[in-house]
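This is what each chain is made of:
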Amino acid sequence: MKIAVLPGDGIGTEIVKEAVKVLHALDLPFEMEQALVGGAAYDAHGHPLPESTLKLAMDADAVLFGAVGDWKYDTLDRPLRPEQAILGLRKHMGLFANFRPAICYEQLVGASSLKPELIAGLDILIIRELTGDIYFGQPRGRRTAVDGHFPGAEEAFDTMRYSKPEIERIAHVAFQAARKRNKKVTSVDKANVLETFQFWKDVVTEVHKQYPDVELQHMYVDNAAMQLVKAPKAFDVLVTGNMFGDILSDEASMLTGSIGMLPSASLNSKGQGLYEPSHGSAPDIAGKGVANPLATILSAAMMLRFSLNQPEAADRIEAAVQKVLAQGLRTPDIYSEGTTKVGTAQMGDAVVQALA
Ligand code: NAD
């Protein structure tokens, strides 16, 4: 089991260190190799995703990723900015399915901005298609309008597109994930307005015929945005395109209170995956030893389950996280009165102890 460890920038290095500590404590035969990525790689090699880092990731069974980015790189040309490393890894590894579970831990119900009864016991999975849609469709650009409301004016345009195989493969991923959960898929579209999403809906409906044991519901994206805050527990697996998924997964992540708790996985068709917390490099708290490492530790658990075929080890990590929360240990982002405030390393140590 070969794991490429890419800590990145800011708190990335601090939180990945804790996840690696937890992986070592499992005493499984992992081979872990670390490399620079993002701003750190740019500083050392002049590129956010050096060839050597890409090769390490491509040859590994899974990538454990921290976070990249810092405001100091904002003036670089776009292809050299730290965030390009993630796009490059997604593209080269063919990562097309992004999994973001939104789970509200019993002990953190009070950290959500929603009423406790709406989110207590929340456990939903957002699956976002990562390679298509308006984010990558060509042509795109700026030009002088030849028609529309203001002919002759400067305008910008993008192209929304999805091919049938792209929709089919993400639909299969969603139905198969639902089979292991509560057997319900909500496919989110904008079929009432967009041709691309009428096609999306038609293809998902066709794929569904192969999964008669799973319930399929279609929902417009505007309604889905409302239902996520009105009755989030009514969802099980929510599957959608790249842009809607980008927005809805962030909305869903906030239901649970802290971004420091949310893991994510991006998978390709071979089961290889990139596992990272849902948050960024948090330059505002980097180097202070206060970042919450749990999202990264839970991402490592997803890695064990989805890419390394070690479901029992994944269960052990998740149970250990529940245990430290039950013990009342909290990093500052999830701290509330009556609990014990701890730093990044102490939280990692506590998870290691709870594994035993
Ligand atoms: P961010 O997610 O880094 O931080 C948002 C807020 O959440 C900050 O107040 C931060 O302190 C807090 N936070 C984030 N993770 C935390 C944790 N584990 N524990 C405690 N608090 C935490 O988003 P941002 O500030 O908008 O972006 C900062 C940098 O990160 C930018 O350069 C951005 O481009 C980059 N970014 C990278 C990724 C990625 O690597 N996948 C994702 C998002 C943003």
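Residues numbered from 1 in each chain as written. Predicted model: local features only at pLDDT ≥ 70, side-chain atom pairs only at ≥ 80, totals over all residues. Heavy atoms only, no water.

### So, the overall build of the chain
The helix and strand tally for the chain stands at 12 helices and 14 strands. In the chain, which comprises 356 residues, the proportion classed as buried is 53%. Long-range contacts, defined as pairs at least 24 residues apart, comprise 75% of the intrachain contacts of the chain with a sequence gap of at least 6. Accessible area of the chain: about 16100 Å², with a carbon and sulfur share of 52%. Looking at charge distribution, the chain has the averaged site of its 35 positive side-chain charges lying 2 Å from that of its 44 negative ones. (Helix = DSSP H or I, 4+ residues; strand = E, 2+ residues; numbered from the N terminus. Buried < 20%, exposed > 50% of the residue type's maximum accessible area, 1.4 Å probe, protein only. Contact = heavy atoms within 4.5 Å. Areas by Shrake-Rupley, 256 points an atom, 1.4 Å probe, with all protein chains shown as cover. Lys, Arg positive; Asp, Glu negative; His and termini not counted. Charge placed at Lys NZ, Arg CZ, Asp CG, Glu CD.)

### A closer look at the site of the ligand
The environment of the ligand is formed by 20 residues, the closest being Val 68, Glu 83, Gly 280, Ala 282 and Asn 292. Between Val 68 and the ligand, the recorded distance is 2.9 Å, taken from a backbone N or O atom to an oxygen atom. Considering the ligand on its own, with 810 Å² of exposed area, one finds that the protein chains cover 69% of that surface. When the residues that make up the shell around the ligand are grouped by side-chain class, the tally is 9 nonpolar, 6 polar and 5 charged. (Near = heavy atom within 4 Å. Polar contact = N/O pair within 3.5 Å; in protein donor to acceptor, adjacent residues only side chain to side chain. Nonpolar A, V, L, I, M, F, W, Y, C, P; charged D, E, K, R; others polar.)

### Regarding helix 1 (residues 12-25)
Over its 14 residues, helix 1 extends 20 Å from the first C-alpha to the last, a length consistent with the 20 Å expected when each residue adds 1.5 Å. Turning to helix 1, its buried residues are Gly 12, Glu 14, Ile 15, Val 16, Glu 18, Ala 19, Val 20, Val 22 and Leu 23. (Expected span 1.5 Å × (residues − 1).)

### Concerning the pattern of salt bridges
As enumerated under the stated definition, the model contains 16 salt bridges in all. Between Asp 349 and Lys 21 there is a salt bridge, and its shortest N-O distance comes to 2.6 Å. On the criterion of sequence distance, the pair formed by Asp 349 in helix 12 (residues 344-355) and Lys 21 in helix 1 is long-range, its members being 328 residues apart. You can call Asp 349 partly exposed: its relative accessible area is 35%. We note a salt bridge from Arg 142 to Glu 154, for which the minimum N-O separation is 4.0 Å. Remark: Glu 154 occurs in strand 7 (residues 154-157) and Arg 142 occurs in strand 6 (residues 141-144); sequence separation between them is 12 residues. (Salt bridge = Lys/Arg side-chain N within 4 Å of Asp/Glu carboxyl O.)

### Here we look at the packing of aromatic side chains
Taken as a whole and assessed by the stated rule, the structure comprises 7 aromatic pairs. Between the NZ or CZ atom of Arg 169 and the centre of the ring of Phe 96, over which it lies, the distance is 4.1 Å. (Phe/Tyr/Trp six-rings, centres within 6.5 Å; stacked < 30°, edge-to-face > 60°. Lys NZ or Arg CZ within 6 Å of the ring centre and 35° of its normal.)

### What about the side chain of Glu 129?
Mapped onto the secondary structure, Glu 129 falls in strand 5 (residues 123-129). Summary of buried charges: Glu 129 has no salt-bridge partner, and the nearest side chain of opposite charge, Arg 169, is 4.1 Å away. Within polar-contact distance, the side chain of Glu 129 engages the side chain of Tyr 162 at 2.8 Å. Leaving out residues up to four positions away in the same chain, Glu 129 has contacts with Phe 96, Tyr 162, Glu 166, Arg 169, Ile 170, Trp 200, Thr 240, Gly 241 and Asn 242.

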